[in-house]
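Examination of the molecular architecture
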Amino acid sequence: MNAAGTHANRVRKVVFPVAGLGTRFLPATKVVAKEMLPVLDRPLIQYAVDEAVDAGADTLVFVTNRYKHAIADYFDSAYELEETLERAGKHELLSLIQGLLPPHVRCVYVTQEQALGLGHAVLCAKPVIGDEPFGVILPDDLIVGEGGSALRQMVDLAAVEDAGVLAVEEVPREDTGKYGIVDVGGAHDSAAAIRHVVEKPQPEHAPSNLAIVGRYVLPARIFELLEGTRPGAGGEIQLTDAIDALIAESKVLACRFAGTRFDCGNKSGLVRATLHFAMQDPALAKVAREFMA
Ligand code: UTP
């Protein structure tokens, strides 16, 4: 049995690197963490956390910085608000704010003092992860999975294949310079062994148009490899560089997950995600249709 949560190798811990500057949403992100931007009534971080819980996680590790206190506040109890709602008999709203996380799930916060890159942010989680495989979710990639969340699909694959797994998606060739790109030797399978990864290659140098998107299942070995990784593209410690070293010594698969990704790290993705969820709600769908007509 390999369904998430029932296998001995299950992924219990998921890391959320949320210490980036979020410059594409300035000026809002001067004070509002990018991960707290809402898609309808829920912040991006809630969609990410729900996905981790769906994949079987019971420990959520947030890599934050001093500007991101709102994330911890959001998952903390809000006694005054709860008491006010209780007294007003607003029980539905009360259970909404009390039910953000299931009771068996705990949150751990670690600080990345300087934004030295995604690889460095993941390395900051090392003391909490220890020696077990773990998941990574970048909350600004909001993924609506089909037949289970994207991370659950990946965790199941990692358990069956005893491998690291990266979520990948085809992107237009001219966009390869925005992503880590995988070389799977031309394979078209939903899961394919990765030969090589390269960070932000120009289209003419890209080994494919299969881009790594914000979901990873990695072994603890990645931490040692990150410790030996020198700053790469953009002067940052790149997770992709450590993954390339991992591929040289163990199996890492590219997973073309079933689902739709919204890149909410930029404005057009956030608009698309908002419209997607609005269209699921009959009243909001009517508003959206009328507005577009
Ligand atoms: P992005 O490349 O999206 O950068 O980081 P960003 O700072 O969040 O946003 P822009 O590009 O300035 O608008 C990818 C992920 O890695 C995290 C970010 O929080 C995001 O989840 N990250 C990046 C860190 O946690 N620390 C870093 O040093 C860099």
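The present account deals with the structure reproduced in this document. (Residues numbered from 1 in each chain as written. Predicted model: local features only at pLDDT ≥ 70, side-chain atom pairs only at ≥ 80, totals over all residues. Heavy atoms only, no water.)

**Focus: the packing of aromatic side chains**
Here is the rule we go by: When the centres of two rings from Phe, Tyr and Trp lie within 6.5 Å, Trp using its six-membered ring, the rings pair. Their planes under 30 degrees apart give stacked, over 60 give edge-to-face, and anything left gives tilted. The numbering of helices and of strands both runs from the N terminus, where a helix is a DSSP run of H or I of at least 4 residues and a strand a run of E of at least 2. Burial status follows relative accessibility: with a 1.4 Å probe on protein chains alone, a residue under 20% of its type maximum counts as buried, one over 50% as exposed, and anything between as partly exposed. Any Lys NZ or Arg CZ found within 6 Å of a ring centre and within 35 degrees of that ring's normal is scored as a charge over the ring.
Enumeration over the complete set of coordinates arrives at six aromatic pairs. Aromatic side chains Phe16 and Phe62 sit 5.0 Å apart centroid to centroid with 20° between the ring planes, which places their arrangement in the stacked category. Separated by 46 residues along the polypeptide, Phe16 in strand 1 (residues 13-17) and Phe62 in strand 4 (residues 59-64) bring together distant segments of the chain. In terms of burial, Phe16 and Phe62 fall into one category: buried. On the numbers, 5.1 Å between centres and 50° between planes, the contact of Tyr47 with Phe277 is tilted. One end of the pair, Tyr47, is in helix 1 (residues 44-54); the other, Phe277, is in helix 10 (residues 267-279), with 230 residues separating them in the sequence. In this pair, the class of Tyr47 matches that of Phe277, namely buried. One residue, Arg42, lies across the ring of Tyr47, its end atom 4.2 Å from the ring centre.

**Remarks on the packing of helix 10 against helix 11 (residues 282-292)**
What counts, and what does not: Axis angles are defined between N-to-C directions and span 0 to 180 degrees, where every axis is a line fitted to C-alpha atoms and, for a helix, only to the segment in contact. Roughly parallel refers to an angle under 35 degrees, roughly antiparallel to one over 145, roughly perpendicular to one between 65 and 115, and oblique to any angle outside these ranges. For this analysis, residues touch if any pair of their heavy atoms sits within 4.5 Å. Residue polarity follows a fixed list, in which Ala, Val, Leu, Ile, Met, Phe, Trp, Tyr, Cys and Pro are nonpolar, Asp, Glu, Lys and Arg are charged, and the others, Gly among them, are polar.
The N-to-C vectors of helix 10 and helix 11 enclose an angle of 125°; their axes lie 7 Å apart at closest approach. Here helix 11 runs oblique to helix 10, going by the angle between their axes. Contacts from Leu275, Ala278 and Met279 in helix 10 reach Leu284, Ala285, Ala288, Arg289 and Met292 in helix 11. Here the residues of the contact of helix 10 with helix 11 are counted per class, giving seven nonpolar, no polar and one charged.

**Some points on the pairing of strand 1**
The following threshold applies: DSSP calls a pair of strands paired once it identifies at least 2 bridges connecting them.
The element strand 1 is largely enclosed, with a buried count of five among its five residues. Side chains of strand 1 alternate between two faces, with Lys13, Val15 and Pro17 and Val14 and Phe16 buried alike. As paired strands, strand 1 and strand 4 are joined by five bridges and run parallel to one another. Paired with Val14 across the bridge in strand 4 is Leu60. Bridge count between strand 1 and strand 6 (residues 134-137): two bridges; the pairing is parallel. Looking across to strand 6, one finds that Val15 is bridged to Val136.

**Some remarks on the site of the ligand**
Short version of the rule: The nearness test applies per residue and asks whether one of its heavy atoms lies within 4 Å of the molecule or strand. Under the rule applied, a polar contact is a pair of N or O atoms within 3.5 Å (in protein, one hydrogen donor and one hydrogen acceptor; residues adjacent in sequence only if both atoms are side-chain atoms). Note on areas: Shrake-Rupley with a 1.4 Å probe; residue coverage comes only from the protein chains shown.
In the vicinity of the ligand, 17 residues are found, and the nearest of them are Pro17, Leu21, Thr23, Lys34 and Gln112. Between the ligand and Gly117 there is a distance of 2.8 Å, counted from an oxygen atom to a backbone nitrogen or oxygen. Here the ligand, which alone exposes 570 Å², has 82% of that area covered by the protein. Grouping the constituent residues of the shell around the ligand by class yields eight nonpolar, five polar and four charged.

**A closer look at the pattern of salt bridges**
Note the cut-off: A pair is scored as a salt bridge if a Lys or Arg side-chain nitrogen falls within 4 Å of a carboxyl oxygen belonging to Asp or Glu.
Tallying each qualifying case throughout the model produces 20 salt bridges. Put simply, Asp175 and Lys178 hold a salt bridge, and the shortest N to O gap is 3.4 Å. Here Arg221 makes a salt bridge to Glu224, at a shortest N to O gap of 2.6 Å. Placement of both Arg221 and Glu224 in helix 8 (residues 221-227) is noted, with a separation of three residues, approximately one turn of the helix. The class for Glu224 is partly exposed, based on a relative accessible area of 47%. Sharing partners across several salt bridges, the network here consists of Arg10, Arg12, Lys13, Asp58 and Glu132.

**What about helix 7 (residues 150-161)?**
To be explicit about the condition: One fewer than the residue count of a helix, multiplied by 1.5 Å, yields its expected span.
Over its twelve residues, helix 7 extends 17 Å from the first C-alpha to the last, a length consistent with the 16 Å expected when each residue adds 1.5 Å. Along helix 7, the positions that sit buried rather than exposed are Ala150, Leu151, Gln153, Met154, Val155, Leu157, Ala158 and Ala159. Positive phi appears at Asp162, one or two residues downstream of helix 7, with a value of about 50°.

On their own, these measurements won't tell you what the molecule is for.
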